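# Topology and contacts: notes
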Amino acid sequence: MSVQFVMNAKGEKISVLISYQEWNALNKERDELIRKLREAELSLRYKQAFKDAKLFEEGKLETRLITDLLVEL
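In this report, we go over the structure that sits alongside the text. Remember, it's a predicted structure, so these values are computed and weren't measured experimentally.

### A short note on the overall build of the chain
Across its full length, the chain carries 2 helices and 2 strands. Each helix and strand of the chain, ordered N terminal to C terminal, gives the series β-β-α-α. The principal-axis extent of the C-alpha atoms belonging to the chain is close to 70 × 25 × 15 Å. Of the roughly 7200 Å² that the chain leaves accessible, carbon and sulfur atoms contribute 59%.

Below, the structure is given as structure tokens:
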């Protein structure tokens, strides 16, 4: 990756320049990482839901009223 820095009169870095192609590649990589994180989060939620359902069936988890859940929000 070719990077150029823009500096102010004091010599402090204030900006970074990269090629448009590199910018697009970074954005695609970021979008892919976000997609994978969302999939992982959804997978964890499903796993937890199945664990909770099993605990409920075994009588180890009490149900709650929807009104109580809405109050928490």
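### Quick notes on the side chain of glutamate 22
Position of glutamate 22 relative to the elements: it lies in helix 1 (residues 20-57). Residue contacts for glutamate 22: discarding those within four places in its chain leaves Met1 and Ser2.

### A look at the pattern of salt bridges
One pass over the structure, following the stated rule, counts 5 salt bridges. Of the charged contacts in the structure, one is a salt bridge between aspartate 31 and arginine 30, with a shortest N-O distance of 2.7 Å. What makes arginine 30 partly exposed here is its relative accessible area of 42%.

### Some points on the pairing of strand 1 (residues 4-7)
Pairing analysis gives 4 bridges linking strand 1 to strand 2 (residues 13-17), with the strands arranged antiparallel. Across the sheet, methionine 7 pairs through a bridge with lysine 13, a residue of strand 2. Counted along the chain from strand 1 to the antiparallel partner strand 2, the turn is 5 residues long, and its residue glycine 11 has a positive phi close to 85°.

### Some details on the environment of leucine 42
By the element assignment, leucine 42 lies in helix 1. Between the alpha carbons of leucine 42 and asparagine 24 there is a distance of 27 Å; along the sequence they are 18 residues apart.

### Comments concerning the packing of aromatic side chains
One pass over the full model with this rule turns up 0 aromatic pairs. Positioned above the aromatic ring of phenylalanine 5, the side-chain terminus of lysine 13 is 4.1 Å from the ring centre.

### Comments concerning helix 1
Three or four residues apart is the spacing at which side chains of an α-helix point the same way, because the helix has 3.6 residues per turn. Between its first and last C-alpha atoms helix 1 spans 56 Å; for 38 residues at 1.5 Å apiece the expected length is 56 Å, and the two agree. Backbone geometry just downstream of helix 1 places glycine 59 in the positive-phi region, at approximately 75°.

### Notes on the side chain of asparagine 27
Following the sequence through the fold, asparagine 27 ends up in helix 1. Under the relative-accessibility criterion, asparagine 27 is labelled buried at 19%.

The rules behind these values
Residues numbered from 1 in each chain as written. Predicted model: local features only at pLDDT ≥ 70, side-chain atom pairs only at ≥ 80, totals over all residues. Heavy atoms only, no water. Helix = DSSP H or I, 4+ residues; strand = E, 2+ residues; numbered from the N terminus. Areas by Shrake-Rupley, 256 points an atom, 1.4 Å probe, with all protein chains shown as cover. Contact = heavy atoms within 4.5 Å. Salt bridge = Lys/Arg side-chain N within 4 Å of Asp/Glu carboxyl O. Buried < 20%, exposed > 50% of the residue type's maximum accessible area, 1.4 Å probe, protein only. Pairing = 2+ DSSP bridges. Phe/Tyr/Trp six-rings, centres within 6.5 Å; stacked < 30°, edge-to-face > 60°. Lys NZ or Arg CZ within 6 Å of the ring centre and 35° of its normal. Expected span 1.5 Å × (residues − 1).

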